[in-house]
Every structure is written in structure tokens, then in C-alpha cells.
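What the coordinates show
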Amino acid sequence: MAVRILLLAAIAAFTSINSALTAQEHQSMNPLAKNAISEGSESRRRLGDEPMKPTHEEIVKWMIAYFAEYNASAQNAKTVHRMDTYFAPDFTFIPYMYIFGGPQNAIAGREAFYTMLTNHPADYEKFIVHDVFVDETRLVAVAFLEATIFETGTNRVKVKKNYLPLYELKLDAKGALKIATIRFFWEALPPEVDGAAYTVDKSKWGNRR
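Since the model is a prediction, treat every value here as computed from it, not as a measurement. (Residues numbered from 1 in each chain as written. Predicted model: local features only at pLDDT ≥ 70, side-chain atom pairs only at ≥ 80, totals over all residues. Heavy atoms only, no water.)

1. Quick notes on the overall build of the chain
The number of helices and strands found in the chain is five helices and seven strands. For the chain, the α and β elements follow one another from N to C terminus as α-α-α-β-β-α-β-β-β-β-β-α. Out of the 209 residues in the chain, the part that is buried amounts to 38%. Here the analysis covers contacts within the chain between residues at least 6 apart in sequence; of these, 59% occur between residues at least 24 apart. Of the roughly 12,200 Å² of accessible surface on the chain, a fraction of 58% belongs to carbon and sulfur atoms. (Helix = DSSP H or I, 4+ residues; strand = E, 2+ residues; numbered from the N terminus. Buried < 20%, exposed > 50% of the residue type's maximum accessible area, 1.4 Å probe, protein only. Contact = heavy atoms within 4.5 Å. Areas by Shrake-Rupley, 256 points an atom, 1.4 Å probe, with all protein chains shown as cover.)

Put into C-alpha cells, the structure is as follows:
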């Protein structure tokens with residue numbers, strides 16, 4: 001009987017530890033992101049039941065925190081759900097690039113986008129944010145980014161190029177800022193160069209015109 005009680009206690013302790021680790025994987029460890037989330041929530045509480053649109057400065061700060069969290073968490077299957085803070089569940093990614101098939105091959109849904117982000121273990125990308133342009137009235141932001149693609153394991157630089165994504169934002173039911181759509185543009189390179197630098201199935205490449 002005593003052995004059974006000890007076994008049940010051990011199982012309960014293991015379950016508790018496992019739940020805590022899973023929660024930690026989904027919680028941002030990025031100080032910029034944590035501060036942006038905390039301050040945004042407090043601001044919305046002060047506004048009452050009818051959330052107001054965030055200011056220009058608030059959106060810029062939120063976007064900077066988003067990019068920091070992306071660099072830290074978005075390309076690891078264990079931590080990618082930390083990005084739930086930023087992406088709406090019905091998020092849409094629209095690529096305006098040849099090797100991703102063009103805008104007719106949009107990715108619909110946050111989970112499908114996460115699959116794309118975490119489905120290229122051979123390489124990973126890091127962003128440097130040069131500037132963020134915001135229209136707070138329309139809830140739209142454009143970022144000028146420098147992206148570097150590294151080979152996993154060796155950290156060899158595969159390619160470095162500029163991105164110019166457009167972010168369509170919205171407020172969810174709780175008044176939290178979310179990314180609804182990304183219209184993604186990048187510096188044009190020959191498709192063979194991009195194909196060698198990014199782990200993308202050639203079947204997804206667009207058609208030549």
C-alpha cells in the first residue's frame with residue numbers, strides 16, 4: 001500500500017513538472033515582449049469595455065517586441081506558440097515572392113504558418129530592424145528589415161537580404177493588438193539564388209511569365 005501511494009505521488013509530481021515546462025515553453029522569456037504585453041494589458045484595462053486603438057508609439061514598441069520574440073522563438077517547434085501573443089488565430093500570410101509561389105499561394109491560419117516557420121530545421125533566419133513605419137489610424141505597419149539566413153549547426157551565412165513586409169493589424173475581442181495579415185515582400189534575387197538559400201520545395205515555386 002505504501003509503495004502504491006509513493007508511486008501515485010511520483011506520477012503526480014512528474015505531471016506537475018511537465019505541465020510547468022510546457023507552460024514555460026509557451027511563455028515569452030523575452031523582456032521586450034513581456035514588457036510590451038504587460039503595459040498593453042494595463043492600458044486596455046484603463047480604457048474600459050470599449051478598447052481604443054493604440055497610439056503610434058505603442059504600435060512601434062509592440063512591433064519591435066514582436067521582432068525580438070520572432071528571433072528568439074518563432075522557428076523552434078517547442079517555443080513557436082509564444083508567438084500567439086502577436087498572431088491572430090485566423091492570421092493569413094501572403095507571399096509576394098517567386099519561390100513561395102506568389103500571392104495565390106497564401107498560408108491561411110496561424111497553425112499552418114507555424115508549421116512553415118518550424119519546418120526548415122536546416123536553416124534559420126534572424127532579423128535586424130532598420131525602421132518601422134506605422135499608420136495608427138488604419139492599424140497598418142511596414143517594417144524595413146535586414147534578414148540573415150544561417151545554416152543550422154555551423155551558423156554559416158547562406159544569404160543576407162532586405163525584407164519589406166506589410167502588417168495589417170487588428171484588436172481582438174479583449175482589445176489586444178494582433179497581426180491579422182502579413183503581405184510579404186523581399187529584395188529580388190534570382191530564384192536559383194533564393195532556392196539555394198531557403199529550404200523551400202521547388203514545387204511551391206511560382207510559374208515564369
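Structure's up, so let's keep going.
2. Focus: the pattern of salt bridges
If you walk through the whole model with that rule in mind, you get six salt bridges. Notably, a salt bridge pairs Arg-183 with Glu-168, separated by 2.7 Å at the nearest N-O pair. You can see Arg-183 sitting in strand β7 (residues 177-184) and its partner Glu-168 sitting in strand β6 (residues 166-171), a full 15 residues away along the chain. (Salt bridge = Lys/Arg side-chain N within 4 Å of Asp/Glu carboxyl O.)

3. Quick look at helix α3 (residues 56-73)
The first and last C-alpha atoms of α3 sit 25 Å apart over 18 residues, in line with the 26 Å expected at 1.5 Å per residue. Among all positions of α3, only Ile-59, Trp-62, Met-63, Ala-65, Tyr-66, Phe-67, Glu-69, Tyr-70, Asn-71 and Ser-73 are buried. (Expected span 1.5 Å × (residues − 1).)

4. Considering the side chain of Asp-123
As for its position among the elements, Asp-123 is in strand β3 (residues 123-135). A distance of 2.9 Å separates the side chain of Asp-123 from the side chain of His-120, its partner in a polar contact. (Polar contact = N/O pair within 3.5 Å; in protein donor to acceptor, adjacent residues only side chain to side chain.)

5. Points about a nonpolar patch on the surface
Taken together, Tyr-96, Phe-133, Phe-144, Leu-164 and Phe-185 make up a surface patch of nonpolar side chains, about 440 Å² in accessible area. With respect to the helices, strands and loops of the structure, Phe-133 is situated in strand β3. (Patch = residues over 30% accessible without salt bridge, like charges linked within 9 Å, V, L, I, M, F, W, Y side chains within 5 Å.)

6. Observations regarding the environment of Asp-90
With respect to the helices and strands, Asp-90 occurs in strand β1 (residues 87-95). The class of Asp-90 is partly exposed, set by a relative accessible area of 48%. As for Asp-90 and Ala-108, which are separated by 18 residues in sequence, their C-alpha atoms are 7.0 Å apart.

7. A word on the packing of aromatic side chains
The final tally for this structure, using the stated rule, is 22 aromatic pairs. Judged by centre distance (5.0 Å) and plane angle (55 degrees), the rings of Trp-62 and Tyr-86 are tilted. Remark: Tyr-86 occurs in the loop between α3 and β1 and Trp-62 occurs in helix α3; sequence separation between them is 24 residues. Lying over the aromatic face of Trp-186, Lys-161 brings its terminal NZ or CZ to 3.7 Å of the ring centre. (Phe/Tyr/Trp six-rings, centres within 6.5 Å; stacked < 30°, edge-to-face > 60°. Lys NZ or Arg CZ within 6 Å of the ring centre and 35° of its normal.)

8. Structural notes on the pairing of strand β5 (residues 157-163)
Note that strand β4 (residues 140-151) and β5 share six bridges and pair antiparallel. Counterpart to Glu-146 in the pairing with β5 is Asn-162. What sits between β4 and β5 in their antiparallel hairpin is a turn of five residues, with Gly-153 showing a positive phi close to 95 degrees. (Pairing = 2+ DSSP bridges.)

9. What about helix α4 (residues 110-118)?
An α-helical turn contains 3.6 residues, so any two residues separated by three or four positions project in the same direction. Along α4, the residues classified as buried are Arg-110, Phe-113, Tyr-114 and Leu-117. With its buried residues spanning 105 degrees around the axis, α4 presents them on a single face. Residues of α4 that are buried sit in contact with α3, β1 and β2 (107-108). (Arc of directions from axis to C-beta.)

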